[in-house]
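# Observations on the three-dimensional arrangement
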Amino acid sequence: MSDDLILGIDGGGTKVMVALADRSGHILRTGLGGGVNAMDNPGWRTELETHLAPFCGEERLAAVAAALPVYGEVARLSRLLEETIDQSFPKARTRVLNDVDAAHLGALAGRSGILVLSGTGSMAWARSAEGEPARTGGWGDVIGDEGSSYWIGRLALNLVSQSLDGRLPPTVLAKAVFDHLQLDATNPMDSLGAWATTDAKRSSIAALSAVVDRAAQSGDAAAVGLIDLAADELAKHHRAIAGHCGPVSDWTFAGGTFRSTILLNALEKRIGRPPVAPKLPPIGGALFAAAQLLDWPIDESWIGHVAASATAAFAQ
């Protein structure tokens, strides 16, 4: 029906975004909450349901696509994610998909190619010309997520501690990290050591990647080195999956770490060709998947409306 509405949900380790849209692709209402990664957040379900509740009573809601971390990776958690969405929206058609799958759908508008993701975690997702998906990375922060914001932030803390000890040369990152965290630099072990062991959260460590980027922009060699290491790791993700789509297939990117133009340029240099600009942000990919459930025609006009509406709705 022409007055049907769709709901897109884009969840991650740091935040969850919710968008209600009409058939034209115009976003009518939004929601924003904390991280909903079922792998490392015991309160993920309460957080997710809290921010879905305002949309559960929408009578015109016909389709819901929830792009959530861990889905398709851990069977037990995948079932819980499906259960949460189905119970929240019993009258709508629903689909749960991996958050990176949805980011790929949006960025390449359903076409084949490779998406390199670097946010709180990291992964690469490919879709062949036949529509077959493949992925690499996404192992989590304990054994993977190389090149992610969290990975950069954790290495930055390690680099700062070594610099303060004299095991590495001085770096402006030390003062930048202390200033960002509002810690007392006169007693670093008491302040930074205590923060790292008692107060640090995954999201707050990931946020340090922006501090590293600013230091790199100022020319700090240590910060530039960290971003180069991140680019090396993300390029490995691309190389590992490139054969799924062909060696010269389009590639694109998603995730907050790529706010760093230094990182994006370094990755482009390693891949050897520029990325395709993302058509839609990840929340747009979730709306794309919801529109597919209703067989809505998805053309350039619709994509343009979603992109413009999402930019306006989630402007920070």
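### Brief notes about the overall build of the protein chain
- Broken down by element type, the protein chain carries 12 helices and nine strands.
- Over its C-alpha atoms the protein chain spans a radius of gyration of 20 Å, differing by no more than 12% from the 20 Å that the globule rule assigns to 316 residues.
- Taken along the three principal axes of its C-alpha coordinates, the protein chain extends 65 × 45 × 35 Å.
- Going through the 316 residues of the protein chain one by one, you find that 50% of them count as buried.
- Across the protein chain, contacts joining residues at least 24 apart in sequence account for 65% of those joining residues at least 6 apart.
- When the accessible surface of the protein chain is summed, it comes to about 14,200 Å², and 53% of that surface belongs to carbon and sulfur atoms.

### As for helix α3 (residues 99-107)
- Burial of α3 is extensive: nine of the nine residues sit out of reach of the surface.
- Along α3, the residues classified as buried are D99, V100, D101, A102, A103, H104, L105, G106 and A107.
- Measuring from the side-chain oxygen of the N-cap residue of α3 to the backbone nitrogen of V100 gives 2.9 Å; that N-cap residue is N98.
- One or two steps after α3, the chain reaches A109, where phi turns positive at roughly 50°.

### A closer look at the sheet that holds strand β1 (residues 5-11)
- Here five strands make up an open sheet; going across it, the order is β3-β2-β1-β4-β5 and the pairing mixed. Looking at which strands have only one partner, the edges of the open sheet turn out to be β3 (27-34) and β5 (93-98). Averaged over all adjacent pairs, the angle separating strand axes in this sheet is 10°, with direction ignored.
- Pairing between strand β4 (residues 61-68) and β5: six bridges, direction parallel. Bridging from a neighbouring strand, V64 pairs with T94 of β5.
- Sheet strands touched by helix α1 (residues 44-52): β1, β2 (15-21), β3 and β4. Its angle to β3, the strand with the most contacts, is close to 155°.
- Of the strands in this sheet, β1, β2, β3, β4 and β5 touch helix α11 (residues 282-293), which is tilted by about 140° from β1.

### Observations regarding the sheet that holds strand β7 (residues 122-127)
- Read from one edge to the other, the open sheet built from four strands follows the order β8-β7-β6-β9, with strand pairing classed as mixed. Across the chains shown, the open sheet's two edge strands, defined by having one partner strand only, are β8 (133-137) and β9 (251-254). Each adjacent strand pair in this sheet contributes to an overall mean axis angle of 20°, direction not counted.
- Pairing geometry for β7 and β8, over five bridges, is antiparallel. From the neighbouring strand, A124 faces β8, where its bridge partner is T136.

Here is what the cut-offs are and how they apply
Residues numbered from 1 in each chain as written. Predicted model: local features only at pLDDT ≥ 70, side-chain atom pairs only at ≥ 80, totals over all residues. Heavy atoms only, no water. Helix = DSSP H or I, 4+ residues; strand = E, 2+ residues; numbered from the N terminus. Rg over C-alpha atoms; globule rule 2.2 N^0.38 Å. Buried < 20%, exposed > 50% of the residue type's maximum accessible area, 1.4 Å probe, protein only. Contact = heavy atoms within 4.5 Å. Areas by Shrake-Rupley, 256 points an atom, 1.4 Å probe, with all protein chains shown as cover. Polar contact = N/O pair within 3.5 Å; in protein donor to acceptor, adjacent residues only side chain to side chain. Pairing = 2+ DSSP bridges. Axes fitted to C-alpha atoms, helices over the stretch in contact; angles between N-to-C directions.

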